[in-house]
Amino acid sequence: MDPQSIPAVREWTAAVGGGTDYLDYLSQEVGLGEWAAFSRVFMPRFVEVDGCVLWDRVYEPANFRTWQEQLRGDATSVEATLNQFRLWLHIDIPEDPESEAGALALAEDIAASWRRSLADAFPDRAFEVAATDSEDGPIVSFVTVR
């Protein structure tokens, strides 16, 4: 994704001028805490529970057990249900074609990074990682290939 395709970045860099770009934008608009949080989005941690690989942010023991019971222990279905990062729940995405396309491109970049993170964490496993557009907005998800 080209950050310049996002209206806020493009407008800021045009207003500042002088050959500024996305890194200048981040340097001026984002602090250390935000940088650290961004890094966890792009390089998440995972937990393995009862044969399921889960994004650590979505794992909660009681909720996991509920889904495991409801889905009759089908590990792929449990992973598909829990391993979802719904960007639209965390990012205010303006309702215009340019912003919506930018959000989907961001989801695709996050999915590419998750593929690498999963491969590093579980080198003996294969994963299907997807960035999909839904009626509400982009979703990044993954399941183990069994």
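Residues numbered from 1 in each chain as written. Predicted model: local features only at pLDDT ≥ 70, side-chain atom pairs only at ≥ 80, totals over all residues. Heavy atoms only, no water.

**Some points on the overall build of the protein chain**
Stated precisely, the cut-off is as follows: Where helices and strands are cited, they refer to DSSP runs of H or I of at least four residues and of E of at least two residues respectively, numbered from the N terminus. In this analysis, two residues are considered to be in contact whenever any of their non-hydrogen atoms come within 4.5 Å of each other. Calculation of accessible area relied on Shrake-Rupley with a 1.4 Å probe; when residues are assessed, cover is drawn exclusively from the protein chains displayed.
A count of helical and extended segments in the protein chain gives seven helices and five strands. Reported as C-alpha extents along the three principal axes, the dimensions of the protein chain are approximately 60 × 30 × 25 Å. When contacts within the protein chain are restricted to residue pairs at least 6 apart in sequence, long-range pairs at least 24 apart make up 53% of them. A total of about 8,800 Å² of accessible surface is found on the protein chain, and carbon and sulfur atoms cover 52% of it.

**Observations regarding the pairing of strand S5 (residues 138-144)**
Heads up, the condition is: Relative accessible area decides the class of each residue, using a 1.4 Å probe on protein chains only: under 20% of the type maximum gives buried, over 50% gives exposed, and in between gives partly exposed. Strand pairing is assigned whenever DSSP identifies at least 2 bridges connecting the two strands.
With seven of its seven residues buried, S5 lies for the most part within the structure. Side chains Pro138, Val140, Phe142 and Thr144 project from S5 onto one buried face, and the interleaved Ile139, Ser141 and Val143 project onto a second face that is buried too. Pairing of strand S3 (residues 84-86) with S5 involves three bridges; the strand directions are antiparallel. For Gln84, the partnering residue across the bridge sits in S5 and is Ser141. The loop that links strand S4 (residues 127-133) with its antiparallel partner S5 comprises four residues; one of these, Gly137, has a positive phi angle of about 145°.

**Things to note about the nonpolar core**
Here is the rule: Nine residue types can take part in a nonpolar core, namely buried Ala, Val, Leu, Ile, Met, Phe, Trp, Tyr and Cys, and a core is a set of them joined through side-chain atoms within 4.5 Å.
In this structure, Trp114, Leu118, Val140 and Phe142 are the most contacted members of the largest nonpolar core, which totals 23 residues. Mapped by element, the contributors of at least two residues to this core are strand S1 (46-49), strand S2 (52-55), helix H5 (75-82), helix H7 (97-121), S4 and S5. For this core, the leading source of residues is H7, giving five residues.

**Focus on helix H1 (residues 7-16)**
What H1 keeps buried is the set Pro7, Val9, Trp12 and Thr13. In this fold, the buried residues of H1 make contact with helix H2 (22-29) and H7. Where H1 ends, the next residue or the one after it, Gly17, has phi of about 70°, a positive value.

**Things to note about the packing of aromatic side chains**
Applied cut-off: Each aromatic pair joins two rings of Phe, Tyr and Trp (for Trp, the six-membered one) with centres within 6.5 Å, and gets the label stacked for planes under 30 degrees apart, edge-to-face for over 60, and tilted for any other angle.
Per the stated rule, a full pass over the model turns up eight aromatic pairs. For the pair Phe46 and Phe142, a centre-to-centre distance of 5.5 Å together with 85° between the ring planes defines the contact as edge-to-face. One end of the pair, Phe46, is in strand S1; the other, Phe142, is in strand S5, and 96 residues separate them in sequence. With respect to burial, Phe46 and Phe142 carry one shared label: buried. Relative to Phe142, the ring of Trp114 lies with its centre 6.0 Å away and its plane at 80°, an arrangement referred to as edge-to-face. One end of the pair, Trp114, is in helix H7; the other, Phe142, is in strand S5, and 28 residues separate them in sequence. Taken together, the aromatic side chains of Phe46, Trp55, Phe85, Trp114, Phe122, Phe127 and Phe142 make up a single cluster linked through ring pairs.

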